[in-house]
Amino acid sequence: MILIVALNLFVHKTAIVDGIEINGVNNIQDYRLVVGESAVYSAYMIKLLQGEPYVLGIAGGIGGRYIKNFMDKSRIKCDLLWKDSETRSELKIIDSINMTETTFIDDNFIFDDKDMKNLKHKIQNNIKDANTVLISSKTVPDGATIKIIEDIIFISKLNNQKVVTSLSGIELRKSLELHPYGVVINSNDLTELEIEDTDEDKNLFDALRTIAATYKVKYLVYDNNQNKNIFLISKNKICSAKYGKFAKELDVTASKDLIAGALALGVSRKYEMEKMTKLLGAVKGSTQYSNYPQICQRRDIDELYHKMKLVEMYNSQEK
């Protein structure tokens, strides 16, 4: 089992109106509710690849019930703590006549000490049944999740579990000091890591490999959306797989979480670095968010896996 701790559950809402009237009544012509980028997609990918995810998290309100229903339909096992307040959400209102987009962010979902204590208790009750732990979060303004992330990593290591993280901001930087086994980042995370996003690949890879070595990270995944390439970096080797020519949608907001799920599965199954790199590239290349809720098909991943060209960096070997 792969135990997933989801600290950033939220939903995206989109409403389309024909000519918005300020201070007036507006009829919604179309409405869409989807799960926002979060560890739910990591669990979705693990389940799709015939793994066994188990999601722990905190949710509430209509958005929380929608997320729970999504996981139930996907046959993803979960145990969520419930609060009276509404799960974080983003509401986008699109005016189809004036071609404007207005976004409202509801970010008032707060974790308190009791929530953290109860979540920690659930983790302790389930961690012995897992062989890998995945921690996912987007930075919370008050940094409330940093302590629970530290606790999860500490508990996991006490139970000899390998930890994979999909974090951002200060949470990413702080977690590196605790030496997770695997880390997923993209170009948006480079600033936090004080790495220049440069066209000089060697300089970038040297910096990333230094991070992997300094913080004793076994696998560091870097998704370069600009070059449409995914890299798996270890202390002694870098492998890459170019997914660009296969990808139908390159701006998938949930792709970091999908990649994290694939990495956690690879770690759980003890895949070799080369096999894991091709799997990560196939996952990214086969994702179609416009097909939500079935954003990816197993057969597409299998097909792309065999087409994916693997390159080992610096020694010009190709597999």
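Just so it is clear, the structure is predicted and the values come from calculations on it, not from any experiment.

*Asks:* Would you mind going over the sheet that holds strand S2 (residues 10-17) with me for this structure?
*Replies:* Pairing between sheet strands relies on hydrogen bonds along the backbone, with the strands arranged either parallel or antiparallel. Here 4 strands make up an open sheet; going across it, the order is S3-S2-S6-S7 and the pairing mixed. Edge positions in the open sheet fall to strand S3 (28-35) and strand S7 (100-106), since each of these has one partner strand only. Going across the sheet, the axis of each strand differs from the next one's by a mean of 15°, ignoring polarity. Looking at chain direction, strand S6 (residues 88-95) and S7 are connected through 7 bridges and run antiparallel. Bridging from a neighbouring strand, Leu91 pairs with Phe104 of S7. Docked against the sheet, helix H2 (residues 61-73) engages S2 and S3, running at close to 65° with respect to S3.

*Asks:* Which parts of the structure should I look at to understand the pattern of salt bridges?
*Replies:* A pair can form between side chains of opposite charge whenever their charged atoms are brought close. One pass over the full model with this rule turns up 14 salt bridges. The residue Lys83 makes a salt bridge to Asp115 at a minimum N-O spacing of 2.7 Å. Here Lys83, found in strand S5 (residues 77-83), pairs with Asp115, found in helix H3 (residues 113-126); they are 32 residues apart in sequence, far enough to count as distant. Its salt-bridge partner being Asp302, residue Arg298 comes within 3.1 Å of it at the nearest N-O pair. With Arg298 and Asp302 both in helix H9 (residues 298-307), this residue pair falls 4 residues apart, about one helical turn. Linked through salt bridges whose partners overlap, the residues forming this network are Lys83, Asp112 and Asp115.

*Asks:* Where do I start with helix H7 (residues 255-268) in this structure?
*Replies:* Because each turn of an α-helix spans 3.6 residues, side chains separated by three or four positions end up pointing in the same direction. Between its first and last C-alpha, H7 extends 20 Å over 14 residues, near the 20 Å set by a 1.5 Å rise per residue. Within H7, 13 of the 14 residues are buried, which leaves the element mostly enclosed by the surrounding structure. Just beyond H7, the residue with positive phi is Lys270, at close to 60°.

*Asks:* Can you help me understand the nonpolar core in this one?
*Replies:* When a protein is soluble and globular, its nonpolar side chains tend to lie buried together. Membership of the largest hydrophobic core comes to 60 residues, with the highest contact counts inside it found for Met71 and Leu263. Ranked by residues supplied to this core, first place goes to H7 with 8 residues. Ignoring sequence-local partners within four residues, the contact set of Leu263 consists of Val164, Gly182, Val183, Val184, Tyr219, Val221, Met276 and Leu280. With 42 residues, the next largest nonpolar core counts Phe111, Met116, Ile185 and Leu208 among its residues.

*Asks:* Explanation requested: the pairing of strand S1 (residues 2-6) in the structure shown.
*Replies:* Note on strand geometry: in a regular strand, side chains alternate between the two faces of the sheet. Most of S1 sits out of view: 5 of its 5 residues are buried. Here S1 shows a buried face lined by Ile2, Ile4 and Ala6 and a second buried face lined by Leu3 and Val5. Summarising the sheet, S1 and strand S4 (residues 53-60) pair through 5 bridges and their orientation is parallel. Residue pairing in the sheet places Val5 in a bridge with Leu56 of S4. As paired strands, S1 and strand S8 (residues 132-136) are joined by 5 bridges and run parallel to one another. Residue pairing in the sheet places Ile4 in a bridge with Leu134 of S8.

*Asks:* Which parts of the structure should I look at to understand the environment of Tyr271?
*Replies:* As for its placement among the helices and strands, Tyr271 is situated in the loop between H7 and helix H8 (273-286). The contacts of Tyr271, once residues within four sequence positions are left out, are Tyr219, Gly266, Met276 and Leu279. Engagement of the side chain of Tyr271 in a polar contact is seen with the side chain of Arg269, the distance being 3.1 Å.

*Asks:* Would you mind going over the packing of helix H1 (residues 39-48) against H7 with me for this structure?
*Replies:* Two numbers describe a pair of packed helices, the interaxial angle and the distance between the axes. Closest axis-to-axis distance for the H1/H7 pair is 7 Å, and the angle between their directions is 45°. With respect to their mutual orientation, H1 and H7 come out oblique. Pair H1 / H7 crosses with right-handed handedness. Facing H1, whose interface residues are Ala39, Tyr41, Ser42, Tyr44, Met45 and Ile46, H7 presents Asp257, Leu258, Ala260, Gly261, Ala262, Ala264 and Leu265.

*Asks:* What am I meant to see in unusual backbone geometry here?
*Replies:* Glycine aside, residues mostly have negative phi, and peptide bonds are mostly found in the trans state. Cis geometry is adopted by the peptide bond preceding Pro293, which originates at Tyr292 and carries an omega value of 10°. Structurally, the position occupied by Pro293 is in the loop between H8 and H9. We note that Gln50 has phi near 65°; this positive angle belongs to a residue other than glycine. Following the sequence through the fold, Gln50 ends up in the loop between H1 and S4.

Conventions we followed
Residues numbered from 1 in each chain as written. Predicted model: local features only at pLDDT ≥ 70, side-chain atom pairs only at ≥ 80, totals over all residues. Heavy atoms only, no water. Pairing = 2+ DSSP bridges. Helix = DSSP H or I, 4+ residues; strand = E, 2+ residues; numbered from the N terminus. Axes fitted to C-alpha atoms, helices over the stretch in contact; angles between N-to-C directions. Contact = heavy atoms within 4.5 Å. Salt bridge = Lys/Arg side-chain N within 4 Å of Asp/Glu carboxyl O. Expected span 1.5 Å × (residues − 1). Buried < 20%, exposed > 50% of the residue type's maximum accessible area, 1.4 Å probe, protein only. Core = buried A, V, L, I, M, F, W, Y, C linked by side-chain atoms within 4.5 Å. Polar contact = N/O pair within 3.5 Å; in protein donor to acceptor, adjacent residues only side chain to side chain. Parallel < 35°, antiparallel > 145°, perpendicular 65-115°, else oblique. Left-handed = near helix turned anticlockwise from the far one by under 90°.

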